[in-house]
Amino acid sequence: MMPRSTAFAGLTLLALAVIPAIAHAAPAKDHEKPRHRNSIPPKTIAPVNGPAEPEEVSVRGGIRSANGVTNTTPGGGLMARQTKAGAQSAITRDFIAKQAPTSNAIAMISALPGVISASTDPLGQSSTAMSIRGLQQAEIGFMYEGIPINDSINYTPYVQAMVDTDNIQSVTVAQGAPDIGAPVYNDVGGLVTIGLRGPLDRIGGTASLSYGSKSLEREFVRYDTGEIGHSGIKGFASFSSTTDNQWRGSGDFRKFHVDSKLIKNWGEGSSAGLTFSYDNWQQANYRPMTLAQWKQYGNSFNYDKAYSPGNTSWVGLRQYQRRSTVLIAPVKLRLSHELTLEVTPAYMNYSEFYFGGVSIANKGSYFGNQPITNFNLPDQINGRTTALSINPVPQKTGFLNTALSWHRGHNTARLGYIYNYIALEEPIYYAPVDRQGNIANYYNKYTISLPGGRQYRTLDMNFVHQMNEIFIEDTLNLLDDKLVLEAGLRYLMITRAATNLIPGVTRYRVGASYAQPLPQVSASYQITPHDQIYIDGTTAYRAPASVQVYGEVFSTSSPIPASQQRSLKGEYSIGEEIGYRHYSLVNISVSLFNYNITNNQITSSQYINGIPLPSPIEAGGKTSRGIQGEIGLRPWHHWSPYVSAQYLHATTDNNIAVAGDLLPTRGKRAVQSPAFSAALGLSYDDGTIFGNFLFSYVGSQYATIMNDEKIPAYETANITLGYRLRQLWFANHPQLQLNVVNLGAKNYLSGFQSISNNAKPTKGIYGTTIAGSSPLYLSAGGIAAIASLTTSF
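Here's what I pulled together on the structure shown here.

What counts as what
- Residues numbered from 1 in each chain as written.
- Predicted model: local features only at pLDDT ≥ 70, side-chain atom pairs only at ≥ 80, totals over all residues.
- Heavy atoms only, no water.
- Helix = DSSP H or I, 4+ residues; strand = E, 2+ residues; numbered from the N terminus.
- Rg over C-alpha atoms; globule rule 2.2 N^0.38 Å.
- Buried < 20%, exposed > 50% of the residue type's maximum accessible area, 1.4 Å probe, protein only.
- Contact = heavy atoms within 4.5 Å.
- Areas by Shrake-Rupley, 256 points an atom, 1.4 Å probe, with all protein chains shown as cover.
- Pairing = 2+ DSSP bridges.
- Phe/Tyr/Trp six-rings, centres within 6.5 Å; stacked < 30°, edge-to-face > 60°.
- Lys, Arg positive; Asp, Glu negative; His and termini not counted.
- Salt bridge = Lys/Arg side-chain N within 4 Å of Asp/Glu carboxyl O.
- Polar contact = N/O pair within 3.5 Å; in protein donor to acceptor, adjacent residues only side chain to side chain.
- Core = buried A, V, L, I, M, F, W, Y, C linked by side-chain atoms within 4.5 Å.

**Considering the overall build of the protein chain**
Consideration 1: Broken down by element type, the protein chain carries five helices and 46 strands.
Consideration 2: Compactness check: the protein chain gives a C-alpha radius of gyration of 26 Å against a globular reference of 28 Å for 793 residues, within 12% of the reference.
Consideration 3: Dimensions of the protein chain, computed from C-alpha atoms along their principal axes, come out at roughly 75 × 60 × 50 Å.
Consideration 4: Counting over 793 residues, the protein chain shows a buried share of 61%.
Consideration 5: Sequence separation of 24 or more characterises 70% of the internal contacts of the protein chain that already satisfy a separation of 6 or more.
Consideration 6: Roughly 29,100 Å² of accessible area belongs to the protein chain as shown, and the carbon and sulfur atoms make up 59% of that amount.

**Structural notes on the pairing of strand 19 (residues 384-408)**
Consideration 1: With 23 bridges connecting them, strand 16 (residues 339-361) and strand 19 associate as antiparallel partners. What sits directly across from G356, in strand 19, is S389.
Consideration 2: When strand 19 meets strand 20 (residues 411-432), the two strands line up antiparallel, connected through 18 bridges. In the sheet register, A387 faces strand 20, and the bridge partner there is P432.

**Details of the sheet that holds strand 6 (residues 147-148)**
Consideration 1: Read across the sheet, five strands follow the order 1-7-8-5-6 without closing on themselves; strand pairing throughout is mixed. At either end of the open sheet lies a strand with only one pairing partner, and these are strand 1 (89-92) and strand 6.
Consideration 2: As paired strands, strand 5 (residues 141-144) and strand 6 are joined by two bridges and run antiparallel to one another. Bridging across to strand 6, M143 finds its partner in P148.

**A few points about the packing of aromatic side chains**
Aromatic ring pairs are defined here through the distance separating the ring centres and the angle between the ring planes.
Consideration 1: The final tally for this structure, using the stated rule, is 21 aromatic pairs.
Consideration 2: With centroids separated by 6.4 Å and ring planes inclined at 15°, the aromatic side chains of F239 and F256 adopt a geometry described as stacked. You can see F239 sitting in strand 11 (residues 233-245) and its partner F256 sitting in strand 12 (residues 252-266), a full 17 residues away along the chain.
Consideration 3: F239 gets classed as partly exposed once you look at its relative accessible area, which sits at 26%.
Consideration 4: With relative accessibility at 22%, the residue F256 sits in the partly exposed group.
Consideration 5: Taken together, a centroid distance of 4.9 Å and an interplanar angle of 80° make the contact between F375 and Y456 edge-to-face. Linking F375 in the loop between strand 18 (370-372) and strand 19 with Y456 in the loop between strand 20 and strand 21 (457-478), this pair joins segments that are 81 residues apart in sequence. The same class applies to F375 as to Y456, namely buried.

**As for the side chain of R318**
Consideration 1: Here R318 is to be found in the loop between helix 5 (291-297) and strand 14 (319-328).
Consideration 2: No salt bridge is formed by the buried R318, whose closest oppositely charged neighbour, D304, lies at an N-O distance of 9.0 Å.
Consideration 3: Polar side-chain contacts of R318 include one of 3.0 Å to the backbone oxygen of G610.
Consideration 4: Ignoring any residue separated from it by four or fewer positions in sequence, one finds R318 in contact with A284, N285, Y303, T312, F355, G356, G357, Y607 and G610.

**Thoughts on the sheet that holds strand 3 (residues 128-132)**
Consideration 1: Reading across from one edge, 2-3-4 is the order of the three strands in this open sheet, with antiparallel pairing throughout. The open sheet has two free edges, formed respectively by strand 2 (115-119) and strand 4 (135-136), since each of these has just one partner strand.

**Examining the pattern of salt bridges**
Consideration 1: Going through the model one piece at a time under the given rule, you end up with 18 salt bridges.
Consideration 2: Of the charged contacts in the structure, one is a salt bridge between R133 and E577, with a shortest N-O distance of 2.7 Å. Linking R133 in the loop between strand 3 and strand 4 with E577 in strand 25 (residues 571-582), this pair joins segments that are 444 residues apart in sequence.
Consideration 3: With a relative accessible area of 0%, R133 lands in the buried category.
Consideration 4: Between D187 and R490 there is a salt bridge, with its nearest N and O atoms 3.2 Å apart. Taken together, the positions of D187 in the loop between strand 7 (168-174) and strand 8 (191-196) and R490 in strand 22 (residues 483-500) put the pair 303 residues apart, joining distant regions of the chain.
Consideration 5: In this structure R490 comes out as buried when scored by relative accessible area, which is 3%.
Consideration 6: Salt bridges sharing partners connect three or more residues here, namely D164, D166, R218, K255 and D279.

**Concerning the nonpolar core**
Consideration 1: Counting residues in each nonpolar core, the largest one holds 91 residues, and the members touching the most others are I91, I109, V171, I194, I360 and Y456.
Consideration 2: With six residues, strand 16 is the largest single contributor of residues to this core.
Consideration 3: Once residues within four sequence positions are removed from consideration, I109 is found in contact with I91, V115, M130, V171, V173 and V192.
Consideration 4: Core analysis: the second largest hydrophobic core is formed by 20 residues, I602, A619, L749 and Y777 among them.

**Describing the environment of Y777**
Consideration 1: Looking at the element boundaries, Y777 is found in strand 45 (residues 776-780).
Consideration 2: Sequence separation of Y777 and L476 is 301 residues, and the distance between their C-alpha atoms is 48 Å.
Consideration 3: When near neighbours in sequence (up to four residues on either side) are disregarded, Y777 contacts P288, M289, T290, L291, A703, E709, K710, I711, L749, G751, F752 and Q753.
Consideration 4: Within the structure, the side chain of Y777 is placed 2.6 Å from the side chain of E709, a separation counted as a polar contact.

**With respect to unusual backbone geometry**
Consideration 1: The residue S215 is not glycine, and still its phi comes out positive at about 60°.
Consideration 2: Its location among the elements puts S215 in the loop between strand 9 (203-212) and strand 10 (216-225).
Consideration 3: On the accessibility criterion, S215 (29% relative accessible area) is partly exposed.
Consideration 4: Positive phi values are uncommon outside glycine, yet N707 reaches one of about 60°.
Consideration 5: By the secondary structure assignment, N707 is in the loop between strand 37 (701-702) and strand 38 (710-711).
Consideration 6: Since its relative accessible area comes to 18%, N707 is described here as buried.

**Quick look at the pairing of strand 31 (residues 622-633)**
Consideration 1: Judged by how many residues are buried, strand 31 sits mostly within the fold: nine of twelve residues are covered.
Consideration 2: Bridge count between strand 26 (residues 586-598) and strand 31: twelve bridges; the pairing is antiparallel. What sits directly across from N587, in strand 31, is G632.
Consideration 3: Two elements, strand 31 and strand 32 (residues 639-652), share eleven bridges in a ladder whose sense is antiparallel. From the neighbouring strand, G632 faces strand 32, where its bridge partner is Y642.

As C-alpha cells, this is what we get:
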C-alpha cells in the first residue's frame with residue numbers, strides 16, 4: 001500500500017487557513033433549481049430536466065451546508081421532480097453528499113426503481129456492474145458534460161474515473177428512452193446522465209478528510225474562483241487522493257483525481273466552457289469464483305499474497321491500471337430570439353492495462369499457429385517460465401456533438417449531427433517473472449521475445465471506429481403547454497476496421513459497417529399542476545461490443561485461436577412506456593414498460609492467458625416487461641421517507657444455437673433479471689443533525705441462459721449519521737459525517753464476472769449432449785465505516 005498522504009493533509013489544512021482570508025463571506029448557493037421542460041424554448045444537447053450548465057439560485061426553506069445539501073428534494077434527495085415524457089428518476093446533492101465519499105455514481109443510483117448495482121467492495125472503489133430493467137450496463141448509455149463516457153468498444157462505464165463524488169450535482173436515470181439527441185450508440189436500455197457541480201459565483205471552496213476501514217485515507221480539496229474580475233469567467237479546480245487496502249485478499253487501491261471547469265456566460269443564454277478531468281487509478285483485482293468455490297471457500301477464495309516459483313495466482317500478477325485524460329469544450333450560442341446553436345467538441349485519452357499470470361512452456365508453445373521450437377526462456381522450472389500477461393488498451397477519441405434549435409410559437413424543432421472517432425491498438429505480450437517474483441517492467445520493456453528477436457505476442461491488433469449520426473426532432477406544445485407532443489428520427493452509421501498481425505488469423509484485415517434508422521415518439525399531458533401522464537414509443541440500437549469480435553486471440557499453448565472472429569449483427573430494441581406522476585407533499589411516480597429485443601447480445605468474459613477478455617453471447621430474441629414505481633415525501637418536519645420497487649418479467653424468446661445443436665432456452669427467464677427488487681430510504685436533516693438509512697432488496701438472478709444456476713436474493717443496508725456547525729473560526733458549516741456500509745456485514749454474491757449458456761450438461765433439441773460451463777461471480781460483503789470531516793471556506 002502507498003504511504004499515507006500526510007504531506008497533502010498538511011497542505012489541505014494550510015489552505016484552509018490561508019484561502020479564507022481572501023474569500024467572500026457570502027455562503028454558497030449551488031443548488032440547481034429544477035425547471036419545467038415545457039417552459040424551455042430551445043432544448044439542450046444533454047437535457048436532464050434542467051439547464052445544461054448548473055445555475056446558482058437561493059433556496060427558500062432549505063438549509064446551508066459545506067457540500068451543497070439543501071434538504072429540499074423529496075425522498076431525501078432520491079426523487080427529484082421529472083417532466084420528461086418517459087420513465088426517469090434522479091438523485092441530487094441532498095442524497096449524494098450523504099453517501100460515502102469513496103462511492104461512485106452507479107452505486108448511488110442503486111435505490112432508484114429498476115436499477116441493480118453489483119459491487120465487489122462496500123467502499124465503492126472498484127469496478128461496479130449494474131443492470132436496468134434486466135438490461136446489462138453495456139446496453140446502457142452513460143453521459144457526462146454532454147459526452148459519452150462508456151468505454152468506446154466494450155461499453156463499460158468507468159464512472160469512478162470521470163468525476164469525484166464531491167463534484168457530482170445530480171445523477172439522472174432514464175430507465176427506458178433517452179433523449180433522441182444523446183450522443184451514445186449503445187443505449188438499448190436507457191441512459192444515465194451525470195451532472196457536474198459547476199463553478200460557484202463566489203470565491204471559496206471545500207475541503208474534506210476521510211478515514212475508514214481497510215486503512216482508507218482520502219483527501220479532497222476544491223477551490224472556486226468566483227467571477228474573475230468583471231470578465232464573466234468563473235471556474236473551479238479540485239484534487240483528491242485515495243488509498244486503502246483491498247477489501248478481501250491482498251493488494252491495495254490507489255487513486256489520484258483532478259476535476260476542473262471554466263465557464264463564461266454572456267448575452268441572453270450564450271456561454272462557453274472548458275472541462276478537464278484527469279484520473280490515475282491502480283488496484284489489485286478481486287478474484288471471481290464459481291458457485292462451488294463460493295460454497296466451499298466464501299470470501300477466503302482470493303489471489304495469493306506471497307509469490308512462490310510457478311504460482312500464476314499471485315496477486316502481484318493480477319492488477320489493473322487506468323489513466324484517463326478528458327477535455328470538453330461546450331459552446332452555446334443564442335443566435336437570435338428563435339435560434340440556438342450548441343457545439344460540444346471533446347478529446348478523451350484512455351490508457352488501460354490489464355495484467356494476468358500465465359505459465360509458458362519453453363518447448364511446445366505457439367506464436368499464433370506457428371510452433372516455437374525453443375523459446376530460450378529465463379528462470380525455467382521444469383521447462384516452464386512464469387510470466388506476466390500484459391494487455392494495454394490505449395484509446396484516443398475525438399468527439400463532436402452539434403445541435404441547432406429553432407423555437408417559434410408553440411413549436412420547437414431541433415436538428416443535430418454527432419461524430420465520434422476512436423483509434424486504439426491492443427496487443428498482449430509477456431514479461432518473465434524471476435524466482436523471487438520480480439518483474440523487470442510492467443509495460444513494454446524487457447518482455448519475452450521470439451528466437452528471432454521479435455516481441456512475442458498473442459494478440460496484435462489495430463482498431464479504428466467512426467460513428468456518424470444525424471437526428472431531427474420536433475416538439476409541439478398545445479393547450480396552454482399542458483399537452484406536449486414529440487416525434488423524432490435519428491440515423492446511426494458506424495464503421496469499424498481492424499488488422500491483426502498474429503500469424504494464423506482467419507483474416508488479417510476485418511471490419512464491419514452498421515446503419516440503422518431509429519424513430520421515437522412521445523406525448524405527455526399535465527392534468528393538473530401536480531399530475532402528469534405520459535406515453536412513449538422508442539427504438540434503439542447497439543453495435544456489437546468487444547474488439548475480440550473482430551480479432552482472434554491465441555493462447556500460448558495452442559495453434560487454434562482461443563477466441564474466434566464473428567459476424568455479429570447489431571442489437572435492436574423496440575420499447576413502449578406509459579406512466580403517471582404526482583408531485584405534492586407526497587410524490588408518486590409509476591410506469592408500465594415493454595421491450596422487444598432482437599439479436600440480444602449478453603456481455604460475458606473469458607480468461608485467456610490469465611486476462612479477462614470480453615466475450616459476447618448471441619442470445620436471439622428477448623422480451624422484458626414490468627412495472628416500476630417510487631414514492632417520496634417532501635421534507636416534513638425534517639423527515640423524508642422514500643420507497644421504490646420494480647416487478648420484471650424478462651424471458652429469452654428463442655432456442656439458441658450451441659455446438660451444432662439448439663439449447664432449449666425458449667421461455668427461460670433472462671439472465672441478470674431479478675423478478676422483484678425494492679429499496680426503502682429514510683432521511684432526517686434539521687440543518688444541524690442529519691442522517692439517512694437505506695435498505696435494498698434484490699431478488700435471485702439467473703447466471704445461465706438455461707436457468708440451471710443462479711445467485712440467491714440478497715439484502716443490504718447502509719446508514720449515515722452527521723453533525724454540522726454554522727461557523728468555526730474560518731470554517732463555514734464544518735461537519736462530521738459517519739457512513740456505515742453493509743450494516744449487517746453479510747457476505748453475498750452480488751453479480752457476475754461471466755455468464756454461460758448452461759452450467760450443467762444439457763441435451764439439445766436434436767439430441768446432442770451440450771457440455772456445461774460454470775459462470776464466474778462477484779463477491780461482496782463485510783462492513784465498512786468511513787468518518788469524514790468536511791468544511792467550506
